[in-house]
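So the chains spell out like this:
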Amino acid sequence: MSTSAITITVKLFAAYQEAFRVSELVLEFPNSMPVKAVCDRLIAEHPELSQWRDLTRFGINLIFVEPDTLLQDGDEVVLIPPVSGG
């Protein structure tokens, strides 16, 4: 099993986009990391986002997934916190 890093693209929405002030990030992670690790990393950089940790839904390559779904090199990840509006 390889221990090399993988590169993913993270699309940010709502509170995540507001905190980072960009709509997209390119991040590296070790192999065999779950998608929830993306959320944990972003919250580590912006602790004010911790209120959204348990409410955020995850998508990989346009499909909603469970938090424990493993990331693969080249994945496009979306973090979708609750949003409001009309």
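Residues numbered from 1 in each chain as written. Predicted model: local features only at pLDDT ≥ 70, side-chain atom pairs only at ≥ 80, totals over all residues. Heavy atoms only, no water.

An unreviewed UniProt entry lists the chain under the name Molybdopterin synthase sulfur carrier subunit, from Nostoc cf. commune SO-36. If you open the UniProt record of the chain and go to Sequence similarities (unreviewed entry), you find "Belongs to the MoaD family." (UniProt positions renumbered as here; feature names shortened; annotations may be inferred.)

(A) Fine view of the overall build of the chain. Within the chain, the secondary structure is distributed over 2 helices and 5 strands. Listing the helices and strands of the chain from first to last along the sequence gives β-α-β-α-β-β-β. Compactness check: the chain gives a C-alpha radius of gyration of 12 Å against a globular reference of 12 Å for 86 residues, within 12% of the reference. Along the first, second and third principal axes, the C-alpha atoms of the chain reach 45 × 25 × 20 Å. Within the chain, the fraction of its 86 residues that count as buried is 35%. If you take every contact in the chain between residues at least 6 apart in sequence, the share linking residues at least 24 apart comes to 54%. The chain carries 6 positive and 12 negative side-chain charges, and their two centres are separated by 3 Å. (Helix = DSSP H or I, 4+ residues; strand = E, 2+ residues; numbered from the N terminus. Rg over C-alpha atoms; globule rule 2.2 N^0.38 Å. Buried < 20%, exposed > 50% of the residue type's maximum accessible area, 1.4 Å probe, protein only. Contact = heavy atoms within 4.5 Å. Lys, Arg positive; Asp, Glu negative; His and termini not counted. Charge placed at Lys NZ, Arg CZ, Asp CG, Glu CD.)

(B) Seen up close, the environment of Gln 72. With respect to the helices, strands and loops of the structure, Gln 72 is situated in the loop between β4 (63–65) and β5 (76–80). Judged by relative accessible area, Gln 72 falls into the exposed class, the value being 54%. When the C-alpha positions of Gln 72 and Leu 62 are compared, they lie 14 Å apart, and in sequence the two are 10 residues distant. Leaving out residues up to four positions away in the same chain, Gln 72 has contacts with Ile 6 and Ile 8.

(C) Structural context of helix α2 (residues 36–45). Of all the positions in α2, only Ala 37, Val 38, Cys 39, Leu 42 and Ile 43 are classed as buried. If you follow the buried residues of α2, they end up packed against β1 (5–12), α1 (14–20), β2 (24–30), β3 (57–60) and β5.

(D) Structural context of the sheet that holds β5. Across the sheet, which stays open at both edges, the 5 strands sit in the order β2-β1-β5-β3-β4 with mixed pairing between neighbours. Each of the sheet's edge strands pairs with one partner strand only, and the pair in question is β2 and β4. This sheet shows a mean twist of 35 degrees between the axes of neighbouring strands, independent of strand direction. Summarising the sheet, β3 and β4 pair through 3 bridges and their orientation is antiparallel. Pairing of Gly 59 across the sheet is with Phe 64, part of β4. The sheet contacts of α2 involve β1, β2, β3 and β5, and relative to β2 the element is tilted by about 115 degrees. (Pairing = 2+ DSSP bridges. Axes fitted to C-alpha atoms, helices over the stretch in contact; angles between N-to-C directions.)

(E) A look at unusual backbone geometry. Its identity as a non-glycine residue notwithstanding, Arg 21 has a phi of 60 degrees, on the positive side. Here Arg 21 lies in the loop between α1 and β2. Residue classification places Arg 21 among the exposed residues on the basis of a relative accessible area of 76%.

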